[in-house]
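Examining the three-dimensional arrangement
The residues making up each chain are set out below.
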Amino acid sequence: MARAVRFDEYGGVDVLKVVDVDRPVPGPGQVLVRVKAAGINPGESKIRDGLLHERYPATFPSGQGSDLAGVVEEVGDGVDGVAVGDEVIGYTDNRASQAELVLVDAENVTRRPPNVSWEVAGSLFVAGATAYAAVRAVALKPGDTVVVAGAAGGVGSVAVQLAVRAGATVIGLASEPNHEWLRGHGVIPVTYGDGVADRIRAAAPDGVDALIDTVGGGYVELALELGVAPERIDTIADFEAVAKHGVKAEGNAAGASAQTLAELAGLIADGKLEVPIAASYPLDQVRDAYQELERGHTRGKIVLTP
C-alpha cells in the first residue's frame with residue numbers, strides 16, 4: 001500500500017484527502033518513483049473546483065499533481081537509461097504526483113543534479129516548462145522590453161529570470177513585498193492595480209515589445225493598450241482573450257519534455273536560475289498547502305514532501 005491525495009467530487013480544499021491505495025506496478029516503459037517532493041499549482045485548484053470541467057474534466061476518484069522528484073524504486077520492461085536508485089526529476093500527465101509512489105513514463109524523467117534541492121526539483125516541471133514556453137512564445141531578443149504579469153508567482157518568478165537571460169529589459173508586475181526580490185534578479189518592479197498602465201509607461205518610455213500574462217483578468221487588454229502586437233502576447237490564464245484577440249496561449253504543454261527539465265535543472269545547478277520555495281508541507285497537510293496557494297500572494301512555489 002501507499003498513500004496518495006484523492007478527491008471524490010468537485011469542491012474546495014475540504015474535498016481533499018490522503019488515502020491508502022494499492023502499490024503501483026510499472027508497466028513497459030514506466031518507472032516507479034518514491035516521491036521526495038511534489039509541487040502544487042493553481043491549475044490543480046481550478047480543476048478540483050470544477051472551474052475547468054469543460055477543458056480538463058476530472059474522473060472520480062481523482063488524484064492530483066504533475067510535478068515530482070524522487071528515487072526510482074522499480075523499472076518496467078524496456079526501460080533503458082534509468083535504473084533503480086536513480087534520483088530523478090519528472091512529471092506525470094495522469095494527475096498522480098501528490099503521492100508516496102508514482103508511476104512515470106521513463107521518457108519523462110531526467111537526473112536530479114546533486115546540488116538541486118528536492119523541494120526545487122519536485123516543483124520545477126509545471127512552472128518551469130510553462131515559463132520556458134511562454135518566454136519562447138514572445139520571441140524575446142536583446143534590447144526588447146517585456147512585461148511579466150504575476151512576476152513573483154511560481155511561473156512568473158522563473159519567466160522573469162529567463163527573460164533577463166534572453167537579453168530583454170524585464171518589467172515585473174508584483175506587490176511591494178516582492179519588489180526587492182525582483183530587483184535582485186535584474187527586473188524592474190512595478191506595482192499592479194489601478195494606474196498600472198501609466199506606471200509601465202513611466203518604466204518603459206520607449207514602449208513595450210512583449211507581455212507574458214500568468215494571471216488573467218485583463219492583462220491581455222492591457223498589453224494591447226500598450227501597443228504590443230498580438231503575436232507577442234502570451235497568456236497562460238485568459239483563454240477567452242486568446243479566442244477574442246488572437247494572442248498566444250503557449251504554456252506547459254508547449255514546454256513539456258524531459259529535455260526542458262534537464263536544461264532548467266542545469267541552470268539551477270550552475271546558479272543561473274532560482275526557483276523560490278515559499279513553503280513546504282507534509283502530504284497529510286495537503287489542504288493547508290492549497291489554502292496558502294489559493295490566497296494568491298506566494299512568492300515562488302509551495303511543495304508537498306511525502
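Look above for the structure.
The rules behind these values
Per-chain numbering applies: the sequence of each chain, read as written, is numbered from 1 onward. Residue-level local features of this predicted model are given only where pLDDT is at least 70; pairs of side-chain atoms are given and counted only at 80 or more, and the full residue set underlies all totals for whole chains, interfaces and linings. With hydrogens and water excluded, all non-hydrogen atoms of the structure serve as input to the side-chain values. Should DSSP find at least two bridges between two strands, the strands are taken to pair. Think of it this way: any DSSP run of H or I at least four residues long counts as a helix, any run of E at least two long counts as a strand, and we number them from the N terminus. Angles shown run from 0 to 180 degrees and are taken between the N-to-C directions of axes, each axis being a line fitted to C-alpha atoms and, for helices, limited to the stretch in contact. Contacts are assigned to residue pairs with any non-hydrogen atoms lying within 4.5 Å of each other. Any carboxyl oxygen of Asp or Glu within 4 Å of a side-chain nitrogen of Lys or Arg constitutes a salt bridge here. Accessible area is worked out with a 1.4 Å probe on protein chains only. A residue is then buried under 20% of its type maximum, exposed over 50%, and partly exposed in between. Ring pairs shown here join Phe, Tyr and Trp side chains whose ring centres sit within 6.5 Å, with only the six-membered ring taken for Trp; geometry is labelled stacked below 30 degrees between planes, edge-to-face above 60, and tilted in between. Two conditions define a charge sitting above a ring: the NZ of Lys or the CZ of Arg must be within 6 Å of the ring centre, and it must be within 35 degrees of the ring normal. Note that the arc is defined by the directions from the helix axis to the C-beta atoms. Here the term right-handed applies to a crossover when the path leading from its first strand over the helix to its second strand runs clockwise, the strands being oriented away from the viewer. For this analysis, a polar contact is any N or O atom pair within 3.5 Å, provided that within protein one partner can donate a hydrogen and the other can accept it, and provided that sequence-adjacent residues contribute only side-chain to side-chain pairs. By this rule, a helix spans an expected 1.5 Å times one less than how many residues it contains. Nonpolar cores are built from buried Ala, Val, Leu, Ile, Met, Phe, Trp, Tyr and Cys residues. Side-chain atoms within 4.5 Å join them into one set.

As for the sheet that holds strand β12 (residues 233-235)
- Strand order in this open sheet of 5 strands is β10-β9-β8-β11-β12, and the pairing throughout is parallel. The outermost strands of the open sheet, each flanked by one partner alone, are β10 (188-190) and β12. Each strand axis lies, on average, 15° off the axis of its neighbour in the sheet, ignoring direction.
- In terms of strand pairing, strand β9 (residues 169-173) meets β10 through 3 bridges, oriented parallel. Within the sheet, the bridge partner assigned to Gly 172 lies in β10 and is Pro 189.
- Along the sheet, helix α6 (residues 196-203) contacts β8 (145-149), β9 and β10; its crossing angle with β10, the most-contacted strand, is approximately 160°.

Observations regarding the pattern of salt bridges
- Throughout the structure, instances matching the rule amount to 14 salt bridges.
- Salt-bridge contacts for Asp 284 lead to Arg 3; the nearest nitrogen and oxygen are separated by 2.4 Å. With Asp 284 in the loop between β13 (277-282) and α11 (286-295) and Arg 3 in strand β1 (residues 2-6), this residue pair connects regions lying 281 residues apart in the sequence.
- When its relative accessible area of 55% is taken as the criterion, Asp 284 is described as exposed.
- Of the charged contacts, one joins Arg 201 and Asp 198 as a salt bridge, the two residues approaching to 3.3 Å between their closest N and O atoms. Pair noted here: Arg 201 and Asp 198 are both in helix α6, with a separation of 3 residues, about one helical turn.
- Each of Arg 23, Arg 34, Glu 73 and Glu 74 takes part in salt bridges that share partners, so that together they form one network.

Structural notes on the packing of aromatic side chains
- The full count for this structure, using the stated rule, is 3 aromatic pairs.
- Ring centres of Tyr 10 and Phe 60 lie 5.2 Å apart, and the angle between their planes is 80°; this geometry places the pair in the edge-to-face category. One end of the pair, Tyr 10, is in the loop between β1 and β2 (17-21); the other, Phe 60, is in the loop between α1 (42-49) and β4 (67-75), with 50 residues separating them in the sequence.
- Note on Phe 60: relative accessible area 38%, which makes it partly exposed.
- Between Tyr 91 and Phe 125, the aromatic rings sit 3.8 Å apart at their centres with planes inclined by 5°, giving stacked as the arrangement. Taken as a pair, Tyr 91 in strand β5 (residues 87-91) and Phe 125 in helix α3 (residues 125-137) lie far apart in primary sequence, 34 residues in all.
- Residue classification places Tyr 91 among the buried residues on the basis of a relative accessible area of 5%.
- Through a chain of ring-to-ring contacts, the aromatic side chains of Phe 7, Tyr 10 and Phe 60 assemble into a single cluster.
- Positioned over the ring face of Tyr 290 is Arg 48, at 5.8 Å from the centre of the ring.

Observations concerning α1
- For α1, the complete set of buried residues consists of Glu 44, Ser 45, Ile 47 and Arg 48. Buried residues of α1, viewed axially, fall in a sector of 165°; they line one side.
- On its buried face, α1 is in contact with β3 (30-39) and α11.
- Where α1 terminates, the next one or two residues include Gly 50, which has phi positive at roughly 90°.

Concerning the pairing of β13
- Two elements, β13 and strand β14 (residues 301-305), share 5 bridges in a ladder whose sense is parallel. Bridged to Ile 277 within β14 is Lys 301.
- Running through α11, the crossover from β13 to the neighbouring parallel element β14 is right-handed.

Quick notes on the environment of Glu 100
- Along the chain, Glu 100 falls in the loop between β5 and β6 (101-105).
- Each C-alpha atom of the pair Glu 100 and Asp 67 lies 13 Å from the other, and the pair is 33 residues apart in sequence.
- Excluding anything up to four places from it in sequence, Glu 100 contacts Ala 2, Arg 3, Val 33, Arg 34, Val 35, Leu 283 and Pro 306.
- For Glu 100, the side chain forms a polar contact with the main-chain nitrogen of Arg 3, separated by 2.8 Å.

Overview of α3
- In this model α3 runs 18 Å from its N-terminal to its C-terminal C-alpha over 13 residues, within 8% of the 18 Å that 1.5 Å per residue would give.
- Burial within α3 is extensive, with 11 of its 13 residues counted as buried.
- By the burial criterion, the buried members of α3 are Phe 125, Val 126, Ala 127, Gly 128, Ala 129, Thr 130, Ala 131, Ala 133, Ala 134, Val 135 and Ala 137.
- One or two positions beyond α3, positive phi appears at Ala 139, with a value near 55°.

Side note on the nonpolar core
- Core analysis: the biggest nonpolar cluster contains 44 residues, and Leu 140, Val 146, Val 160, Leu 162 and Val 170 have the highest contact counts within it.
- Ranked by residues supplied to this core, first place goes to α3 with 7 residues.
- In this view, Val 170 contacts Val 146, Val 148, Val 160, Ala 163, Val 164, Val 187 and Ile 188; residues no more than four positions away in its chain are not counted.
- Formed by 20 residues, the second largest nonpolar core is a distinct cluster that contains Leu 173, Val 220, Ala 223 and Ile 233.

None of the figures reported here should be taken as evidence of function without further support.
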